[in-house]
2 protein chains.
Amino acid sequence: MSGVLFIVGLGPGAPGHITDDARVALSQASDLLGYGLYVARARALGASPKAVSHETDNREELDRARHALDLAAQGRCPVVVSGGDAGVFGMASAVFEAVAQGPFSWRGLDIRVIPGVTAVLAVSARLGAPLGGDFCVISLSDNLKPWEVVARRLSLAAQAGLVIALYNPRSLARPDQLDKAFDVLRDVLPAETPVIFARAIGRENEHVLGVPLSEARGEAADMSTLVLVGCAQTRQIERPGLSPWLYTLRRIP
Amino acid sequence: MSGVLFIVGLGPGAPGHITDDARVALSQASDLLGYGLYVARARALGASPKAVSHETDNREELDRARHALDLAAQGRCPVVVSGGDAGVFGMASAVFEAVAQGPFSWRGLDIRVIPGVTAVLAVSARLGAPLGGDFCVISLSDNLKPWEVVARRLSLAAQAGLVIALYNPRSLARPDQLDKAFDVLRDVLPAETPVIFARAIGRENEHVLGVPLSEARGEAADMSTLVLVGCAQTRQIERPGLSPWLYTLRRIP
């Protein structure tokens, strides 16, 4: 008899961002699979104390996926954990890629993806309502796609007037890409377009920095940062002694 | 002494999609403001029994926002409720627009936006992992923006190779727009591009229909439907006797 494979998004950092369904899945876990940080968070959020931890590096996603599928096929109840939402640059795609490449019997498994609050929603809530209009979510990592594809997507998204959320904006292996991304955006968008660097939102070391696109520098971001680029309808509300609110007008004239 | 204004996303339909933070906010409500359906859901999800309901039509969002701001200024704890995430075509933008237009004293209010699971994340989880790559979220409603803007955004998003989530795809007042949107997309994307009509995900009357773009017809959607349009990397996993899984490859060659 086969078990159930849960793929769970824990939310972006604050414990209160977890959903009821995610909590229920964690409580049923026989095994927890994921990057060490997320496995630790899953335990803090109430995962079954009996669950076996399998912590692996983030670069081994397909191996982790196959491991989880094997465990489910043995009748266990593995839970693969991601930060944010598992379907947004998390583990969900890797699991289904592994299914597609794996034994046919895996197609009969009971796989349940539990959605979560993805980072851009928490950042938006923290700032006000900058996603008020249409928006897009783009990963700057070129581990899995050529930089030319990233640059073209950025340019077209800016031409479309979408608010742009940049995930994975910068890493030690890619120190210069965010500056290249800003250059692409500056070719399309006005200098005063607001750019927000939102780091570790909902966590203790939370930090928010807002600058106009003309002054945006890649060094303001690291791998824990989400970069949000506004559009022509994005406005700021100044508040004496408090950080401003950012929102995007719903109406386009 | 002023109170706190919470703007809360309840998640897309299934009770288990609510977050801990949203539940805490509901439990503290002195007043619940929103579309009748969402106020009823807030009550079912554990809103304070003492909270006063203020149910208003969805076309009166700015009035509802001002009402909530007034209540907070009086020292009450109003909770404005939206389905999904309040920042994604929900009430958050309307509240900050009302602040920007309102008395200066409103800028000193304690306004807290509580993020939620927006519909596209629940739909993606239900289907597999179709958001595996970059994606965008576009409202088809032209109540607040000209159709030319919508059409241009759709065309550019398709050229960018983004997975496209269409919110508010169809209403009685706009019966033909979704067909016009498919025409725009067919000018850019291959005929076999997968299109998913996901209705009432997580609710009793849930319904999912997948067709190639060449066969997509607007009449398959209503206001409770989210339409998801895949990209060149979107794949299907056939499962004998079960509905197929949909996922998007992370790697772009």
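No experiment lies behind these values; they were computed from the predicted model shown. (Residues numbered from 1 in each chain as written. Chains lettered and ligands numbered in written order. Predicted model: local features only at pLDDT ≥ 70, side-chain atom pairs only at ≥ 80, totals over all residues. Heavy atoms only, no water.)

(A) Expanded view of unusual backbone geometry. Residues and elements named next belong to chain A. Phi is positive for F89, close to 55 degrees, though the residue is something other than glycine. Looking at the secondary structure, you find F89 in the loop between β4 (78-82) and α4 (92-101). Residue classification places F89 among the partly exposed positions, given a relative accessible area of 25%. (Helix = DSSP H or I, 4+ residues; strand = E, 2+ residues; numbered from the N terminus. Buried < 20%, exposed > 50% of the residue type's maximum accessible area, 1.4 Å probe, protein only.)

(B) Summary view of the environment of G133 of chain B. Position of G133 of chain B among the secondary structure elements: in the loop between β6 (128-129) and β7 (135-139). The exposure class assigned to G133 of chain B is buried, which follows from its relative accessible area of 15%. Along the primary structure G133 of chain B and L156 of chain B are separated by 23 residues, whereas in three dimensions their C-alpha atoms are 16 Å apart. Discounting chain neighbours no more than four positions away, the residues touching G133 of chain B are F89 of chain A together with T248 of chain B. (Contact = heavy atoms within 4.5 Å.)

(C) Here's a closer look at helix α5 (residues 119-127) of chain B. All names here are of chain B. Burial within α5 is extensive, with seven of its nine residues counted as buried. For α5, every residue scored as buried is listed here: V120, L121, A122, V123, S124, A125 and L127. One or two residues past the end of α5 sits G128, with phi positive at roughly 140 degrees.

(D) Layout of the sheet that holds strand β12 (residues 234-239) of chain B. In spatial order, the strands read β6-β13-β12 (chain B); together these three strands make up an open sheet with mixed pairing. The open sheet has two free edges, formed respectively by β6 and β12 of chain B, since each of these has just one partner strand. One ladder, built from two bridges, connects β6 of chain B with strand β13 (residues 242-248) of chain B; its direction is parallel. By the bridge assignment for β13 of chain B, A129 of chain B is matched with Y247 of chain B. The strands touched by α4 of chain A are β6, β12 and β13 of chain B; relative to β13 of chain B, the strand with the most contacts, the crossing angle is about 120 degrees. (Pairing = 2+ DSSP bridges. Axes fitted to C-alpha atoms, helices over the stretch in contact; angles between N-to-C directions.)

(E) Representation of the relation of the copies chain B and chain A in the model. Expressed as a screw transformation, the operator carrying chain B onto chain A has a rotation angle of 180 degrees and an axial translation of 0.0 Å, and the superposed copies differ by an RMSD of 0.0 Å. Taken together, these values place the two copies in the relation of a two-fold axis. Of the interface residues in chain B, 100% have counterparts in chain A that sit at the interface too, so the contact is made through matching surfaces. (Least-squares fit on C-alpha atoms with pLDDT ≥ 70 in both.)

(F) The domain arrangement of chain A, seen in detail. All names here are of chain A. For chain A, the domain assignment lists domain 1 (4-117) and domain 2 (120-248). Taking the mean C-alpha position of each, domain 1 and domain 2 sit 28 Å from one another. If you look at the interface, domain 1 gives seven residues, while domain 2 gives ten residues. Surface buried jointly by domain 1 and domain 2 totals about 590 Å² across both partners, of which 74% is contributed by carbon and sulfur atoms. Together, P12, F89 and V117 form the three largest contributors to the area buried by domain 1 at its contact with domain 2, with a combined 59%. Seen at the junction of domain 1 and domain 2, the total is zero residue pairs in polar contact (both at pLDDT 80 or more). (Domains from an automatic or database assignment. Buried area = accessible area lost by both parts, 1.4 Å probe. Polar contact = N/O pair within 3.5 Å; in protein donor to acceptor, adjacent residues only side chain to side chain.)

(G) Quick look at the state of the cysteines. Enumeration according to the criterion identifies zero disulfides over all chains in this entry. Free cysteine C136 of chain B: the closest other cysteine sulfur is in C136 of chain A, separated by 6.7 Å. (Disulfide = S-S within 2.5 Å.)

(H) Geometry of the interface of chain B and chain A. At the junction of the two partners, chain B supplies 71 residues and chain A supplies 71 residues. The interface formed by chain B and chain A includes ten salt bridges. Top contributing element to the side of chain B that touches chain A by residue count: helix α4 (residues 92-101) of chain B, with seven residues. Relative to β7 of chain B, strand β7 (residues 135-139) of chain A runs antiparallel, the two sharing three bridges. Note that in β7 of chain B the partner of F135 of chain A across the bridge is V137 of chain B. (Salt bridge = Lys/Arg side-chain N within 4 Å of Asp/Glu carboxyl O.)

(I) Main features of the packing of helix α6 (residues 147-159) of chain A against helix α6 (residues 147-159) of chain B. Remark: α6 of chain A packs on α6 of chain B, axes separated minimally by 9 Å, with the N-to-C direction vectors making an angle of 180 degrees. If you check the angle between α6 of chain A and α6 of chain B, you find them roughly antiparallel. Every residue of α6 of chain B that contacts α6 of chain A at R152, L156 and Q159 of chain A is listed here: R152, L156 and Q159 of chain B. For the contact of α6 of chain A with α6 of chain B, a count of residues per class yields two nonpolar, two polar and two charged. (Parallel < 35°, antiparallel > 145°, perpendicular 65-115°, else oblique. Nonpolar A, V, L, I, M, F, W, Y, C, P; charged D, E, K, R; others polar.)

(J) Region of the structure containing the packing of aromatic side chains. Scanning all chains against the criterion turns up eight aromatic pairs over all chains. Pairing F182 of chain B with F197 of chain B gives two aromatic rings, centres 5.9 Å apart and planes at 75 degrees, and the pair type is edge-to-face. Taken together, the residues span a long stretch of sequence, with F182 of chain B in helix α7 (residues 177-186) and F197 of chain B in strand β9 (residues 194-199) at a distance of 15 residues. No difference in accessibility class separates F182 of chain B from F197 of chain B, as the two residues are buried. Between the NZ or CZ atom of R239 of chain A and the centre of the ring of W245 of chain A, over which it lies, the distance is 3.6 Å. (Phe/Tyr/Trp six-rings, centres within 6.5 Å; stacked < 30°, edge-to-face > 60°. Lys NZ or Arg CZ within 6 Å of the ring centre and 35° of its normal.)

(K) Focus on the environment of S155 of chain A. Residue and element names in this part refer to chain A. Mapped onto the elements of the fold, S155 is located in helix α6. With relative accessibility at 18%, the residue S155 sits in the buried group. Each C-alpha atom, one on S155 and one on E97, is 29 Å from the other, the two residues being 58 residues apart in sequence. Once residues lying within four places of it in the same chain are set aside, the contact partners of S155 are V184 and V188.

(L) View of the sheet that holds strand β9 (residues 194-199) of chain A. Strand order in the open sheet formed by ten strands is β10(A)-β9(A)-β11(A)-β8(A)-β7(A)-β7(B)-β8(B)-β11(B)-β9(B)-β10(B), and the pairing between neighbours is mixed. Every other strand in the sheet has two partners, leaving β10 (207-212) of chain A together with β10 (207-212) of chain B as the edge strands with one partner each. Sheet twist, expressed as the average angle between the axes of neighbouring strands with direction ignored, equals 15 degrees. Two elements, β9 of chain B and β10 of chain B, share six bridges in a ladder whose sense is antiparallel. By the bridge assignment for β10 of chain B, I196 of chain B is matched with G210 of chain B.

(M) Structural detail: the nonpolar core. Of all hydrophobic cores here, the largest spans 56 residues; its most connected members are L154 of chain A together with L154 of chain B. Excluding its chain neighbours within four sequence positions, the residues that come into contact with L154 of chain A are I138, L140, I164, L166, A181, V184 and L185 of chain A. F135, L226, L228 and L246 of chain B belong to the second largest nonpolar core, which has 40 residues in total. (Core = buried A, V, L, I, M, F, W, Y, C linked by side-chain atoms within 4.5 Å.)

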